[in-house]
Amino acid sequence: MVKVKICAGSHCSLVGALNILETLEELQKEYPDQIQIERVECLDKCEDIKKAPVVKVDDELITSAQNQIVISKVMERIK
Ligand code: FES
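Residues numbered from 1 in each chain as written. Predicted model: local features only at pLDDT ≥ 70, side-chain atom pairs only at ≥ 80, totals over all residues. Heavy atoms only, no water.

Caption draft 1: Spotlight on unusual backbone geometry. The omega torsion of the bond from Ala 52 to Pro 53 falls at -5°, within 30 degrees of zero and hence cis. In this model, Asp 58 sits at a positive phi of 50°, which is unusual for a non-glycine residue. Locating Asp 58 in the fold gives a position in the loop between β3 (55–57) and β4 (60–62). According to the relative accessible area criterion, Asp 58 is partly exposed, its value standing at 30%. (Helix = DSSP H or I, 4+ residues; strand = E, 2+ residues; numbered from the N terminus. Buried < 20%, exposed > 50% of the residue type's maximum accessible area, 1.4 Å probe, protein only.)

Caption draft 2: Inspection of helix α3 (residues 67–78) at higher detail. Compared with an ideal rise of 1.5 Å per residue, which puts twelve residues at 16 Å, α3 spans 17 Å between its outermost C-alpha atoms and is within 8% of the ideal. Listed as buried for α3 are Val 70, Ile 71, Val 74, Met 75 and Ile 78. Projected down its long axis, α3 carries its buried residues within an arc of 130°, all on one side. Those residues of α3 that are exposed and aimed more than 90 degrees away from the buried face are Gln 68 and Glu 76. (Expected span 1.5 Å × (residues − 1). Arc of directions from axis to C-beta.)

Caption draft 3: Here's a closer look at the pattern of salt bridges. Going through the model one piece at a time under the given rule, you end up with five salt bridges. Salt-bridge contacts for Glu 26 lead to Lys 29; the nearest nitrogen and oxygen are separated by 3.0 Å. Remark: Lys 29 and Glu 26 occur in helix α2 (residues 17–30); sequence separation between them is three residues, near one turn of the helix. Of the residues examined, Lys 29 reaches a relative accessible area of 61% and is grouped as exposed. Measuring nitrogen to oxygen at the nearest pair gives 3.2 Å for the salt bridge that ties Arg 77 to Glu 60. Taken together, the positions of Arg 77 in helix α3 and Glu 60 in strand β4 put the pair 17 residues apart, joining distant regions of the chain. In this structure Glu 60 comes out as partly exposed when scored by relative accessible area, which is 27%. Residues joined by salt bridges that share partners form a network here, namely Asp 58, Glu 60, Lys 73 and Arg 77. (Salt bridge = Lys/Arg side-chain N within 4 Å of Asp/Glu carboxyl O.)

Caption draft 4: Inspection of the nonpolar core at higher detail. In this structure, Val 4, Ile 20, Leu 24, Val 55, Val 57, Val 70 and Val 74 are the most contacted members of the largest nonpolar core, which totals 17 residues. Those elements that place two or more of their residues in this core are β1 (2–7), α2, β3 and α3. Broken down by element, the residue count for this core peaks at five residues, all from α3. When sequence neighbours within four positions are dropped, the list of residues in contact with Val 74 reads Val 2, Val 4, Leu 24, Leu 27, Ile 35 and Val 57. Listed in part, the seven residues of the second largest apolar core include Cys 7, Cys 12, Ala 17 and Val 54. (Core = buried A, V, L, I, M, F, W, Y, C linked by side-chain atoms within 4.5 Å. Contact = heavy atoms within 4.5 Å.)

The values reported here are purely geometric and, on their own, carry no functional implication.
As structure tokens, this is what we get:
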């Protein structure tokens, strides 16, 4: 089970976190038993807006996260 925490706080939402969340939810439909998504309020990395959006895949913190990077990190762990 891959655990993904996605920051849906104000800074991260402003720069695309919800778009990543939607993409992850689509992926989760394909792998419902293997992906757990948790929406969190702030991962405490947004003091610098350039670090947003912030996503955590298991213990790996991804700053300036983009869809493709997050998806590939999740897929690496599923396969
Ligand atoms: S709002 Fe996302 S890390 Fe703070």
